[in-house]
Amino acid sequence: MKFEDLLLEIGGFGRFQILILFILCLPRINLPMHFLLHNFLAATPSHHCAIPHQEAFVNLTMEEVLLISIPREPDGTFRSCEMFSQPQFHLLLNSSLQPENNSIIQHCQHGWVYDDSQFTSTISTQWDLVCEQRGLNQATATFFFIGVTMGAVVFGYLSDRFGRKAMLLLSLVCSVIFGMLSAASVSYSMLAILRTLTGVALSGVSLIVLPLGMEWVDIQHRTFSGILTSIFWSIGNMLLAMVAYLVREWHWLLVAVTGPCLLSIVCLWWVPESARWLIANGKVKQAHRHLLRCARMNGRKDFAEDVPLTMYAQRIVLQWQHKKPGGSYSYISLFRTPVLRKISLCSGAVWFGVAFSYYGMSMNLTGFGLNMYLSQFVFGVIEIPAKMIMYVVMNRAGRRQSQAWALILTGLCIGANVIIPKPFTSLRSVVAIMGKGFSEAAFTAVFLYTSELYPTVLRQNGMGYTSFVARLGGALAPLVFLLDEVWRSLPEVTYCGVAVCCGSVAFLLPETLNAHLPEGIEDVE
């Protein structure tokens, strides 16, 4: 007997499962509000060098002071990182005569002045993370994703060892603590450390929510459950745009996006541990209690009489399949056998490509001709129909084809915007939105697909490993923007190439459409 057969007896998708899924969707909403927070937390408003006051400036307007103190770009805007070593008063007579002698141009000596019309303060303006310090600004997102990467390894193992619910609770509590402390940061170093620790904590939420819900749902509703949970990520995307629009001060913005974790902690009381995990680890009595609760809520009261025998049979079957306790499995087990080794290598490559291209697009809100708040909101909106379409496609074309082509088309859309001229703003925006849709479709597919590829005894280890690789992609994605100093289009070309190559690797994975979730390694091999 398989666990799916047991689910059929108690109801594989009833009120019990719907309640669990909606509760688990609450922390899912909160994830993008932190994962994409860098767009607003570290936004860099227009700025120029601060000009020290001089007696000669008394009768000049601010525009005239800037004209004689700061060189201009070819398009007429003032440079952000340079100033004249001495005021160039002759420019008041003819402002088109820009000095050709670069020896009178120097880097900013007295700090910067920032345009505060859009942001009251960001970490860029707080600690002057501009010009020579621009790399530190981008590194803030990298530090966060390094934390998520480390958390994927930690929580992937711990949730297979100590259970899904306990580790989800731990990650939510830590998220609140580190998130609130981040808002109180008094130095860049303090913020970087606390954002890294916040990433570690939130990684547990990202890693556990989907498998915990999936392990309570029958085969027929598995895809629907995965898509439903994923839609709440998109809702979080849209909410981030609205919260960031309303809260323009970075300290309070961090408080605003961290606070909802408290609600998730309270609601987690009604979520049971995964019965599938409990049975796989020999904890039959606890699983029995949760299964009875599920049967009662789903109107299967007659199940109570037969459940002891059913549970006993299930335990015997699982012990026969596993041959050894689930706690003895580790990440090394993902590479010990041939089929699992191939799955792990290929799925790791796919996850890297998905995350690398997704965050590459999501953190370039100003590159497509739209207001950044509108871009964030539209990117969230377009994800919902992308998920709906992916739900139909995955059930028709299968997981493998859907995964591969969604990622390949993401890369092609990114590449198309390299070719389309900058003046074609509307066309570039449409292609970017299409690419974002394909990118989200690929992310939606990879979560569901991966949870079906690995057996129960290794599922969280597998999710932890693939999430680790994905977060490496997420950590590298913001740093790739710095390549525009080598060639302006090099970041987009890099995102395109990685997405297409990694999408092609998905064709090497096995199909899992309508297949039973594997319980032990023998089922996979």
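Treat the numbers as computed from the prediction; the structure is a model and nothing was measured.

### Quick notes on the packing of aromatic side chains
And step 1. All told, the structure shown has 26 aromatic pairs when counted by the stated rule.
And step 2. Centroid distance Phe16 to Trp216: 4.9 Å. Interplanar angle 70 degrees. Geometry classified as edge-to-face. A residue pair is termed long-range when its members are at least 10 positions apart, and Phe16 in helix 2 (residues 15-35) and Trp216 in the loop between helix 8 (188-214) and helix 9 (222-246) qualify at 200 residues.
And step 3. The cationic tip of Arg161 hangs over the ring face of Phe162; the distance from NZ or CZ to the ring centre is 5.2 Å.
And step 4. The aromatic ring of Tyr245 is capped on one face by Arg248, whose charged end is 4.7 Å from the ring centroid.

### A look at the pattern of salt bridges
And step 1. Under the definition given, this model contains seven salt bridges.
And step 2. Across the salt bridge formed by Lys436 and Glu383, the nearest N and O atoms sit 2.4 Å from each other. Of the two residues, Lys436 is situated in helix 18 (residues 425-453) and Glu383 in helix 16 (residues 372-396); the sequence distance between them amounts to 53 residues. No difference in accessibility class separates Lys436 from Glu383, as the two residues are buried.
And step 3. Bridged by salt links that share partners, the residues Asp160, Arg164 and Glu215 form one connected network.

### Thoughts on the state of the cysteines
And step 1. Under the criterion given, the structure shown has two disulfides.
And step 2. A disulfide bridge connects Cys49 with Cys108, and the sulfur atoms are separated by 1.8 Å. Here the S-S torsion is close to -65 degrees, and the disulfide linking Cys49 with Cys108 is therefore left-handed. Within this pair, whereas Cys49 is found in strand 1 (residues 47-49), its partner Cys108 is found in the loop between strand 3 (105-107) and strand 4 (112-114), the two being separated by 59 residues in sequence.

### A short note on the packing of helix 2 against helix 9
And step 1. Look at helix 2 against helix 9: their axes get within 7 Å of each other, and the N-to-C directions meet at 45 degrees. The orientation of helix 2 relative to helix 9 falls into the category oblique. For the pair helix 2 and helix 9, the crossing hand works out as right-handed. Judged by residue contacts, Leu21, Phe22, Cys25, Arg28, Ile29, Leu31, Pro32, Met33 and Phe35 of helix 2 engage Ser225, Leu228, Thr229, Ser230, Phe232, Trp233, Gly236, Asn237, Leu239, Leu240 and Val243 from helix 9.
And step 2. The residue makeup of the contact of helix 2 with helix 9, split by class, is 14 nonpolar, five polar and one charged.

### Overview of the nonpolar core
And step 1. Of all hydrophobic cores here, the largest spans 119 residues; its most connected members are Phe35, Leu168, Tyr359 and Phe443.
And step 2. Residue contacts for Tyr359: discarding those within four places in its chain leaves Phe35, Leu36, Phe145, Trp233, Phe443, Arg471, Gly474 and Ala477.
And step 3. Formed by seven residues, the second largest nonpolar core is a distinct cluster that contains Cys49, Cys108, Tyr114 and Val130.

### Overview of unusual backbone geometry
And step 1. The backbone of Asp128 sits at a positive phi, close to 55 degrees, despite the residue not being glycine.
And step 2. Position of Asp128 relative to the elements: it lies in the loop between helix 5 (123-127) and helix 6 (134-162).
And step 3. Residue classification places Asp128 among the partly exposed positions, given a relative accessible area of 27%.
And step 4. With a phi close to 55 degrees, Cys131 is a non-glycine residue in the positive phi region.
And step 5. Tracing the backbone shows Cys131 in the loop between helix 5 and helix 6.

### Let's talk about the UniProt feature "transmembrane region" (unreviewed entry) in the protein chain
And step 1. The feature "transmembrane region" (unreviewed entry), as given by UniProt, occupies residues 139-159, 166-186, 192-212, 224-246, 252-271, 343-361, 373-393 and 405-424 in the numbering adopted here.
And step 2. Helix makes up 100% of residues 192-212 and strand 0%. Its end C-alpha atoms lie 31 Å apart.
And step 3. Across residues 373-393, helical content stands at 100% and strand content at 0%; the span's end C-alpha atoms are separated by 31 Å.

### Remarks on the environment of Ala515
And step 1. Turning to its location among the elements, Ala515 is positioned in the loop between helix 20 (490-505) and helix 21 (521-524).
And step 2. In the structure, Ala515 is positioned 295 residues away from Gln220 in sequence and 9.9 Å away in space, judged by C-alpha atoms.
And step 3. With sequence-adjacent residues up to four places away left out, Ala515 is seen in contact with Ile219 and Arg222.

### So, the packing of helix 6 against helix 19 (residues 459-480)
And step 1. Packing of helix 6 against helix 19 brings their axes to within 8 Å, and their N-to-C directions diverge by 175 degrees. When the axis of helix 6 is compared with that of helix 19, the two are roughly antiparallel.
And step 2. Split into classes, the residues belonging to the contact of helix 6 with helix 19 amount to 13 nonpolar, 10 polar and three charged.

### Side note on the side chain of Asn461
And step 1. Assignment of secondary structure puts Asn461 in helix 19.
And step 2. By relative accessible area, which is 1% here, Asn461 ends up buried.
And step 3. Sequence-distant contacts of Asn461, defined by excluding residues within four places in its chain, comprise Gly156, Tyr157, Asp160, Tyr329, Ser330, Tyr331 and Leu334.

Procedures and definitions
Sequence order as written defines residue numbering, which begins from 1 separately in each chain. With pLDDT at 70 or above as the cut-off, local features in this predicted model cover only qualifying residues; side-chain atom pairs require 80 or more to be listed or tallied, and sums for whole chains, interfaces and linings still use all residues. In computing side-chain values, all of the structure's heavy atoms are included and hydrogens and water are not. The rule is short: rings of Phe, Tyr and Trp, with Trp giving its six-membered ring, pair when the centres are within 6.5 Å, and they are stacked under 30 degrees, edge-to-face over 60, tilted in between. Secondary structure elements follow DSSP: runs of H or I of four or more residues count as helices, runs of E of two or more count as strands, with numbering from the N terminus. When the NZ atom of lysine or the CZ atom of arginine is within 6 Å of a ring's centre and also within 35 degrees of its normal, the charge is said to sit over that ring. Within this document, salt bridges are pairs made up of a side-chain nitrogen of Lys or Arg and a carboxyl oxygen of Asp or Glu, the two lying within 4 Å of each other. Throughout, exposure labels follow a simple rule: accessible area from a 1.4 Å probe, protein chains only, divided by the maximum for the residue type, with under 20% read as buried, over 50% as exposed, and the rest as partly exposed. We call a pair of cysteine sulfur atoms a disulfide whenever their separation is within 2.5 Å. In this description, a line fitted to the C-alpha atoms serves as the axis of each element, helices being fitted only across the stretch in contact, and the angle between N-to-C directions of two axes falls anywhere from 0 to 180 degrees. Every angle not falling under 35 degrees, over 145, or within 65 to 115 is termed oblique; those three ranges are roughly parallel, roughly antiparallel and roughly perpendicular. By the definition used in this description, the sense in which the near helix is turned from the far one sets the handedness, with an anticlockwise turn below a right angle giving left-handed and a clockwise turn giving right-handed. For this analysis, residues touch if any pair of their heavy atoms sits within 4.5 Å. All residues other than Ala, Val, Leu, Ile, Met, Phe, Trp, Tyr, Cys, Pro, Asp, Glu, Lys and Arg, Gly among them, are scored as polar; the first ten of these are nonpolar and the last four charged. Here, nonpolar core refers to any group of buried Ala, Val, Leu, Ile, Met, Phe, Trp, Tyr and Cys residues whose side-chain atoms link them within 4.5 Å. UniProt positions are given in the numbering used here, feature names are shortened, and annotations may be inferred rather than shown by experiment.

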